[in-house]
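Architecture at a glance
Now for the letters of each chain:
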Amino acid sequence: MRFLNDHLRETFGEKVYKLSLSSGCTCPNRDGTVGYGGCSFCSEGGSGEFAAKLAPIGEQIAEAKERVRRKTDASKFIAYFQSYTNTYGDVARLEALYREALAHEEIVALSLGTRPDCLGGDVMEMLTRLAAIKPVWVELGLQTIREETAQRIGRGYPLAVFDDAYRRLKEAGIPVIVHVILNLPGETKGDMLGTVRYLAELVPPPDGIKLQMLQILEGTRMAEEYRAEPWPLMDLEEYAALIAEAVALLPEETVIHRLTGDGPRRLLIAPLWCLDKKHVLNTIRRGLR
Ligand code: SF4
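Residues numbered from 1 in each chain as written. Predicted model: local features only at pLDDT ≥ 70, side-chain atom pairs only at ≥ 80, totals over all residues. Heavy atoms only, no water.

**Brief notes about the packing of aromatic side chains**
Applied cut-off: To pair, rings of Phe, Tyr and Trp, with the six-membered ring standing in for Trp, must have centres within 6.5 Å; the planes then decide the type, stacked if under 30 degrees apart, edge-to-face if over 60, and tilted in the middle. Numbering of helices and strands runs from the N terminus, with a helix taken as a DSSP run of H or I at least four residues long and a strand as a DSSP run of E at least two residues long. Residue exposure (1.4 Å probe, protein chains only): buried if accessible area is under 20% of the type maximum, exposed if over 50%, otherwise partly exposed. Lysine NZ or arginine CZ positioned within 6 Å of the ring centre and within 35 degrees of the ring normal marks a charge as sitting over the ring.
Applying the stated criterion across every chain, the model contains 4 aromatic pairs. Plain terms: the ring middles of tyrosine 239 and tryptophan 273 are 5.5 Å apart, the flat faces sit at 40° to each other, and that makes the pair tilted. Of this pair, tyrosine 239 sits in helix 9 (residues 236-249) while tryptophan 273 sits in the loop between strand 10 (268-270) and helix 10 (277-288), and the two are 34 residues apart along the sequence. For tyrosine 239, a relative accessible area of 0% puts it in the buried group. Across from the ring centre of tyrosine 80, 4.5 Å away, lies the NZ or CZ of lysine 18, which sits over that ring.

Encoded structure:
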């Protein structure tokens, strides 16, 4: 079991902090290309509530660094484009933006959150060129391998699309981090562990994984669904026990990037135990021990 902070220290020789930045991209699952309204759990922030407002990238980096430095004397950072689909749009514009971010000396890597159906040949070539400058990670929002759940949440692509993108990224030597949401509607514990097992058995396995408790957020389709017909949500003890089982399935190569949710507090409808992050992490740690 390897955690992100340890991995970053080993790789870069010190603690490295993420700067949440905005690329100005939207998402094909929101603008009508694949679907309207997005995945049912996704709030207006596009699954990344802490990103900077869209501004010239130099300004965004300076502001994000300032925020981090109020708490630490960090000197190395990852340019993290999390919200929406950061490989969706004009490739020349995106490449210029990401090159500019990578040109900052203190930026040691680039991390791009995206969908597996937005990794066409031109995007793959861009990623390969960027990866020749500094490390580039791609974060894929899979959430589940169960097709029925994927359709229910309106993810907008089948598992085969993920498999294909994953293979091409790994062949190109680009590290892949996969996002999984636990407690999606209609899923049993066996389904959730099935998704983690599937990822753990990929050859080669993912470079990283983010496991996250489902957070039902105000203003989402899922909130309406939950209010109309609530499904059981795990309590913290159950979640911690599930995380312990899930982590036990993962190979050593897969770095654990996240074990809990990070949604906006002001929008959280359920489960409310997610609000006490310190308590959540302590309970998960106890479970892992
Ligand atoms: S793909 Fe990501 S940004 Fe797009 S709707 Fe789904 S969660 Fe939101």
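**Concerning the pairing of strand 2 (residues 17-21)**
For clarity, the threshold we go by: Paired strands, in this sense, are two strands between which DSSP finds at least two bridges.
Within strand 2, 4 of the 5 residues are buried, which leaves it mostly tucked inside the rest of the structure. In this sheet, strand 3 (residues 77-81) lies alongside strand 2 in parallel orientation, the contact comprising 5 bridges. Counted as the bridge partner of tyrosine 17 is phenylalanine 77 from strand 3.

**With respect to the nonpolar core**
Heads up, the rule is: Only buried Ala, Val, Leu, Ile, Met, Phe, Trp, Tyr and Cys residues count toward a nonpolar core, and they belong to the same one when joined by side-chain atoms within 4.5 Å. The contact criterion used throughout is that any non-hydrogen atoms of two residues lie within 4.5 Å.
Among the nonpolar cores identified, the biggest contains 70 residues, and Leu127, Phe162 and Leu211 are the most heavily contacted of them. The element contributing the most residues to this core is helix 9, with 7 residues. When neighbours within four sequence positions are excluded, leucine 127 is seen to be in contact with Leu112, Leu119, Val136, Val138, Leu169 and Ile174. Counting residues in each nonpolar core, the second largest holds 13 residues, with Cys39, Phe41, Leu184 and Leu214 among its members.

The analysis is restricted to geometry; functional conclusions fall outside its scope.
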